[in-house]
There are 2 protein chains.
Amino acid sequence: MKNLYFANTEIKSGFWKYYTDLVRNVTVRAVYDRFKETGRFDAFSCSWREGDDENKKPHIFWDSDVAKWIEGVAYLTETRREEELEALVDATVDEIEKNQRADGYFNSYFLTVSPSKIYSDRSCHELYCTGHLIEAAIAYHKATGKDKLLTCMLKNVDFIRRIFMEEGRASFTTPGHEEIEIALLKLYEYTGDERHLELARFFINKRGTCENDDMHWEGEVWDEYFQSEMPVREMSEAKGHAVRAGYLYTSMAMLSKIDGDKELKAAADRLFDNIINKKMSITGGVGVQKHGESYSYDYNLPNRDVYNETCAAVSLAMLAGALQESEPNSLYGDIIEKIYYNGFLSGVSLSGDEFFYTNPLELDLKKYKHKGTYQPISQRVKVFGCSCCPPNVVRILGSLPRYMYTVEGDTVWCNQFAHAETKLTVGGKDAILLQKTAYPSDGNITFEYKGEPLTLFVRIPEWCVEYEGETENGFARFELKDGDSLTLNLPMNIHFMEANPNVQDDSGRYAVMRGPIVYCMESVDNGDNLRDITLIDNGNYRLVEEKGIPAPAIILDAERRENTGKLYYIKNSARVSFSAKLIPYFAFANRGACDLIVWTQVR
Amino acid sequence: MKNLYFANTEIKSGFWKYYTDLVRNVTVRAVYDRFKETGRFDAFSCSWREGDDENKKPHIFWDSDVAKWIEGVAYLTETRREEELEALVDATVDEIEKNQRADGYFNSYFLTVSPSKIYSDRSCHELYCTGHLIEAAIAYHKATGKDKLLTCMLKNVDFIRRIFMEEGRASFTTPGHEEIEIALLKLYEYTGDERHLELARFFINKRGTCENDDMHWEGEVWDEYFQSEMPVREMSEAKGHAVRAGYLYTSMAMLSKIDGDKELKAAADRLFDNIINKKMSITGGVGVQKHGESYSYDYNLPNRDVYNETCAAVSLAMLAGALQESEPNSLYGDIIEKIYYNGFLSGVSLSGDEFFYTNPLELDLKKYKHKGTYQPISQRVKVFGCSCCPPNVVRILGSLPRYMYTVEGDTVWCNQFAHAETKLTVGGKDAILLQKTAYPSDGNITFEYKGEPLTLFVRIPEWCVEYEGETENGFARFELKDGDSLTLNLPMNIHFMEANPNVQDDSGRYAVMRGPIVYCMESVDNGDNLRDITLIDNGNYRLVEEKGIPAPAIILDAERRENTGKLYYIKNSARVSFSAKLIPYFAFANRGACDLIVWTQVR
C-alpha cells in the first residue's frame, strides 16, 4: 500500500480549496517575505562574519526554515508553475551550490559562524537542516526537473555517510533533532540508491545505544528529550521533544515497512498507540509541556497552559500517514483528519499570513496578569524567532491530498474527503475517481468513477457512530466499474465528547464536535467567564454560516450564572439562558484577542 | 470597643483545647528545636564572622522568627508558667541586651554580617524584625513582668525615631516589610507614650509618597509589591506581597481607630472589602500568586498552583481583628472564623510539629511530573529556609481567644465559639461568662452568666442561613443578669457552596462546608482522579469521627466514571456509585502524600 502522490488529486472546491488557494495566494509569499526580512534567505550567501549585524547572524535552524518553504513551493509548482517563486528558489539553490564545501558539507550557520564546530554538538540541528534540504531537493526535482539542489544534497549525504557511518569522526552518532532519517528514506525511495537506506538504518538503529550521544543540560540527563533513552525497538512511551519524537517515529514506521522489520513496526505501533490514547488533545495537538517542548506523562492534557506546537501536530500526522501505508486501518485516517481539521489548522490564521507556534485549547486573558506562570501567546504572529511552524504550514497546505488515498494494485482506500478529482492507474490504464462532497459541512459523499474495475474502500470516520453499514478495518467496501457512481451518507450530528477520567483537566467538562471538527467558544461571541457557560444537551442546535470561516458555526441553547456580587454562596439553580455560538476550533483568535474555551459544561 | 485580652478566656475543652494543648506540648518546643538547630538562636550572640559556617550565617529575617516564638512563649506563660521556655527566652534577651549598640540599634544580621549597610536597603526586613521584637517585648513584659527586652526595644525605637523621623538619615523612609507600624501602635497602647504613636503615624502616612522608597528589581518597579504605589488613604485594591499588605492594612485599621481618622478607616475598609469579596480562597487563604508571594488580580483564585501563605492568612485575621474593634459587625468574626478553622489551621499538622508555608486547595501529585510549572509542596515540613509561618502558628495558637470577645462598657460581643470561661468586668465588678459548646461539632451554644447585668451580642455566623431570629449587625442580642443561662441552637447542615462566576477556576464546581469548616477529599480515602468525583446533593450524609482529627468527617453519596480505556468518547451517563469521605480541609496531608480536592462536582 502506498499513499497516492498528492499531485494526482486536484481539489476542486469546498473546505480544502479555501486553504489550497490561501497557501498559494497568501501564505507562501507571506512566509517568504518574513524570512527575507529576517535574513533567513540572505544567510545562504554565507557572507556573515563576526562584527556584522547580529540580527542577521545565521541561526542553527535557519536552513531548515527555508528548506521547508522550498519544499512547499515545489508542491505548489506541481499543480501550477509559479515562475516568481521558482526564481527565488533557484537563487537560493545557486547560493547553496556556490557555498557548499568541496567535501559536500553545507550549513549556512556553521560555514559562517562556527566552522570549527561542524558535527561537534549534537544539539545543533545540523543533520535536521540537511534532512529538510534533502526533502526540498527531492520535491523540487520532482516538480521542476531541476537537479541542482538534488545534486548538492546527494554530495552532502555522501559526506555525512562518510563522517558518521564509515569513519565515525563526528562527536556524536545520531542526530540531536531527528528529520534526516525521513529524508534519507525518501531519498532512497526516489533514487533507489541503497546507500541512503543504509544510512537511515544506521541513524535509527544506533539511537539510544551510543555513549557519545549522551546530553547533559543543567545537571540533568536530557536523553529522553532527544529520544535517546533506549534503543528504538524498546520504546513504548512517547517522550521528549514532541517534533523530534514524531519525526523519529515516522522514520521508524517508514523503515519498518521497507525492511519488513516487525520489531520496529511494533515499536512504532506502540508509540502511536500511546500518543493517540494517552497523550493527545482532542484537537490532535501533542507535546503539551512547554519545558522541552515535550510530551508529558500519560493523560496530562491541560488546556490553558498547554504547548501543542503546530509542528508537533504535523509530525503526528506524518506518523499516521506512514503507518497508513503498512496496513488498512481507518484509525490512521481518523487521526490525520483530526489533526488537519483542528490542531494543525489552528496554526494558521484565516488570512493565511499569521501563525501559532503553540495551540492552546483555552485562553483566559486575565490569567496573563498572573505573573510567573507560562501562558501561550493568544494571537497569531507573522514570524517567530524559531519559525519552524509557518513553513511547515506551507508544505502541508501545499500538498494537502498527500494522505487522501492509499493504493495497492487495483484497490484504493479513500482516507479523506473533499470535492476532488483523482488520477489513478487501474488495470494498467488511466482512471479517474471524482469525489463530490461539501464535507465537512455535511457528510454526503458521492464517488463517480471512470476506468477499469476498482475496489474502493471508504473510511467510515470514528465520529460517525450512526453509520450502520458493514466495515472492514473501519472502511466500507465498494466495487466500482466504469461509469459507476455511489453515494455515502455519513450522518453528521453534533456530539458532546468526554475525556478519559484520567484526564483530570477535562473532568466534568465536554467538548463539542460535529463531524471531524472540534468546536470552541470565544468571548467575542459569548461574553466573559467562558468556563461558567453550560451548554444544554437537548438536541436543539442550528448551523450558521460564519463570514470568512469555511465551515459552519453552531448556535446552541446555553445558560450561565448571574453575578450576584458575592464571592461564595450556597448553591442555587438560578441561571440565565442564552444562545451560545460555537465556531470551529481552527478558526479561533481571528477576531482580535479574546478568551477561548473548548471543554465546557453541559447538562 | 476592644478585643478582650485573650488571657481573660480559658478554653476548657473541645476543638480549640486540642490546639492550645498541642502548641504548649509540641509546637512551641518543635519550633524552638528547629530554630536552635538552624542557628537562629545562636545568631543573637552576634559572633558570626566571614569565614564561619555559612549555614549558621545570620539571615535578614531570623530575628523576626525568634521574636514571634518569644511572643508565643509569652502568651503560653500568661496561662501557665513554663520555666524552661522562660529560661530560653531570658538567655536570648540577655544576648540582645549585650549586643545592642549604645545608640539602641539591634539586628543580629546587620550587626554581624553587614554593619555598614544599616538602614540602607529597604528590602532588608530591619524594621520588620524590630517590630516583631517589640511585640515580643510587650507580650513578655505583660506575661512575666520582666522588663529587660522591653527596655532594649524602647531604646531601639528611640534610635529608629531619630534616624527615620527626626533626622531622615536612612536611605529609605518607610519599611520595606511592614510590621513595626502594628508594633508601635501596640507599644503606644501599652506605654501610653505618644511618641510611638507619632512614629507609627509617620511610617503609615509617608508610605507611597517618598522617592527614596522606590524599589527597582529586574527592570520592574516593585512599588506595588511593597504597598508603596500610592499614599495609603488612596488605596482600594489589595496589592503586592500579601503578608506585607495584611500587616499594613491592620496598622491602618488600628491607627484610624486611635486617631478617629475616617479617611484612613475608609481605606482600610475598602481594602478589607476588596480582599474578602474578590481575593480570598474559600478557606480564608490569601495571596494566591507565588511571584512576589502576592495578591493577584480580582477573582483570580486558583486551587492547585496557588500560594496562600499561612502568614498571609494570619495577616488577614489580624486585619479583621483590628476592624472588629471599630464597629459591631459580624462579618469580622465570620472572616476570622473562616481563617482560623481552615486556611490558617491547615498550616500546622495534627501532630503540631510540621508546617505548610503554602496552602493549596488542590493537589494532583502526578502534575508534579509536569516540568517547568510551580507546584506548592504537598507535605508539611518541620522548618523552612524562610520559616516565618511556624512561629506565627505558635503565637496565634498561643493566644487563640484573642478575637473571641469584644467589650465596651457593660456590653460584650461574642465573636467566636468554644467551651471557655471568660473573666469580665461588668458594672465595675468581676463577672464570669461561661460558654458551653461542642462547636464546631454542632451549633448548640449555652451561655451561663454570673455578674452584674450584661448586654450580650452573639455572632450569628454567615454560614447559618437557617437562623431565623432577629439580628443587629449580624449579632443576636441578649440581656443577661446574674445566674442567667441561655442556649442558642445554630442549625449546622452541610452546604454546597459555589463561587462567583468570575472565579473561573471554580466554575461548575462546589465546595462542601459544614458550619465554619471547609471540607476536602483526599485520594487516600477516595481513590485517584478526585476531579472526576461527583457528590450527590440529596440531603443524605453521615458525620463520622476520624481518629486524630478534632472535627467530624462526612460520608456522602457520590459517583465517578469508570475508565473505559478510551481517551475521548461520546458523552454517556454511566457512573459508578460510592461513598465519598470528606475530611476537614485543615486536616489534609496528615496521612502521607496524596491528592487533595476542595472544589468538586455536585449533582
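Note that the structure is a prediction, hence the values are computed from the model and not measured.

A word on the relation of the copies chain B and chain A. Here chain B sits on chain A after a turn of 180° about the axis and a move of 0.0 Å along it, with an RMSD of 0.0 Å. Taken together, the rotation and translation relating the two chain copies correspond to the operation of a two-fold axis. Proximity to the rotation axis, assessed at the C-alpha, singles out Thr373 of chain B in chain B; its C-alpha lies 3.5 Å from the axis. Most of the interface of chain B is mirrored in chain A, where 100% of its interface residues again form contacts.

Before going further, it helps to examine the sheet that holds strand E1 (residues 2-3) of chain A. All names here are of chain A. Taken together, five strands build an open sheet; the order of strands is E1-E8-E9-E13-E14 and the sheet is mixed. In this open sheet, the two edge strands, each paired with only one partner strand, are E1 and strand E14 (475-480). The sheet contact formed by strand E9 (residues 411-414) and strand E13 (residues 454-459) spans four bridges and is parallel. Looking at E13, one finds that Val412 is bridged to Leu456.

This part is about the environment of Tyr119 of chain A. All names here are of chain A. Tracing the sequence through the fold places Tyr119 in the loop between helix H4 (108-112) and helix H5 (126-144). Residue classification places Tyr119 among the buried residues on the basis of a relative accessible area of 4%. Taking the C-alpha atoms as reference, Tyr119 lies 9.6 Å from Pro175; in sequence the two are 56 residues apart. With residues up to four places along the chain from it excluded, the contact list for Tyr119 reads Tyr105, Glu126, Leu127, Asn156, Phe159, Ile160, Ile163, Phe164, Ala170, Ser171 and Phe172.

On to unusual backbone geometry. Residue Tyr439 of chain A is joined to Pro440 of chain A through a cis peptide bond whose omega torsion reads 5°. With respect to the helices and strands, the residue Pro440 of chain A is situated in the loop between strand E11 (429-437) and strand E12 (444-450). Of note, the phi angle at Tyr299 of chain A is positive, near 70°, even though the residue is not glycine. Position of Tyr299 of chain A relative to the elements: it lies in the loop between strand E6 (294-295) and helix H11 (310-323). For Tyr299 of chain A, a relative accessible area of 12% gives the class buried. Backbone geometry places Gln227 of chain B, a non-glycine residue, at a positive phi of 55°. With respect to the helices and strands, Gln227 of chain B occurs in the loop between strand E4 (220-221) and strand E5 (240-241).

A few words now on the packing of helix H1 (residues 15-37) of chain B against helix H2 (residues 62-79) of chain B. All names here are of chain B. At their nearest, the axes of H1 and H2 sit 11 Å apart, and the two run at 155° to each other. Considered as vectors, H1 and H2 are oriented roughly antiparallel to each other. Viewed along their axes, H1 and H2 form a crossing whose handedness is left-handed. Only Asp65, Val66, Trp69, Val73, Leu76 and Thr79 of H2 make contact with H1, whose side of the interface consists of Val23, Arg24, Val28, Val31, Tyr32 and Phe35. Counted by class, the contact of H1 with H2 contains nine nonpolar, one polar and two charged residues.

The α-helix winds at 3.6 residues per turn, so residues separated by three or four positions along the chain end up facing the same way. With 18 residues, H2 of chain B ought to run about 26 Å at 1.5 Å a step, and its terminal C-alpha atoms sit 27 Å apart, in line with that. By the criterion of burial, H2 of chain B is predominantly enclosed, with 16 of the 18 residues buried.

All names here are of chain B. When strand E11 (residues 429-437) meets strand E12 (residues 444-450), the two strands line up antiparallel, connected through six bridges. Considered in E12, the bridge of Leu433 is made with Tyr449. Two successive antiparallel strands, E11 and E12, enclose a turn made up of six residues. Two strands pair when backbone bridges link them, and E12 and strand E15 (residues 485-489) are joined in this way by five bridges, in the antiparallel orientation. If you follow Phe447 over to E15, its bridge partner there is Leu486.

A few words now on the packing of aromatic side chains. For any pair of aromatic rings, the description consists of the separation of the ring centres together with the inter-plane angle of the planes. Residues and elements named next belong to chain B. Overall, the coordinates contain 84 aromatic pairs over all chains when judged by the stated rule. Ring geometry for Phe164 against Phe203: centres 5.7 Å apart, planes inclined by 70°, an arrangement best described as edge-to-face. Note that Phe164 is positioned in helix H6 (residues 148-166) and Phe203 in helix H8 (residues 194-206), a separation of 39 residues in sequence. Overall, the relative accessible area of 4% leaves Phe164 in the buried class. Arranged with centres 6.4 Å apart and planes meeting at 80°, the rings of Phe457 and Phe475 form a pair that is edge-to-face. Here the residue Phe457 occupies a position in strand E13 (residues 454-459), and Phe475 occupies one in strand E14 (residues 475-480), the gap between them amounting to 18 residues. Judged by its relative accessible area of 7%, Phe457 falls in the buried class.

This brings us to the interface of chain B and chain A. In this assembly, 61 residues from chain B lie in contact with 61 residues from chain A. For the pair chain B and chain A, the summed buried area comes to about 5400 Å², and 49% of that belongs to carbon and sulfur atoms. At the boundary of chain B with chain A, the tally comes to nine salt bridges. Close ionic contact of Glu498 of chain B with Arg561 of chain A constitutes a salt bridge, the shortest N to O distance being 2.8 Å. On inspection of chain B and its partner chain A, the count reaches 51 residue pairs in polar contact (both at pLDDT 80 or more). A total of five residues in the side of chain B that touches chain A trace back to one element, the largest contributor, which is strand E16 (residues 494-499) of chain B.

About the thresholds
Residues numbered from 1 in each chain as written. Chains lettered and ligands numbered in written order. Predicted model: local features only at pLDDT ≥ 70, side-chain atom pairs only at ≥ 80, totals over all residues. Heavy atoms only, no water. Least-squares fit on C-alpha atoms with pLDDT ≥ 70 in both. Contact = heavy atoms within 4.5 Å. Pairing = 2+ DSSP bridges. Helix = DSSP H or I, 4+ residues; strand = E, 2+ residues; numbered from the N terminus. Buried < 20%, exposed > 50% of the residue type's maximum accessible area, 1.4 Å probe, protein only. Axes fitted to C-alpha atoms, helices over the stretch in contact; angles between N-to-C directions. Parallel < 35°, antiparallel > 145°, perpendicular 65-115°, else oblique. Left-handed = near helix turned anticlockwise from the far one by under 90°. Nonpolar A, V, L, I, M, F, W, Y, C, P; charged D, E, K, R; others polar. Expected span 1.5 Å × (residues − 1). Phe/Tyr/Trp six-rings, centres within 6.5 Å; stacked < 30°, edge-to-face > 60°. Buried area = accessible area lost by both parts, 1.4 Å probe. Salt bridge = Lys/Arg side-chain N within 4 Å of Asp/Glu carboxyl O. Polar contact = N/O pair within 3.5 Å; in protein donor to acceptor, adjacent residues only side chain to side chain.

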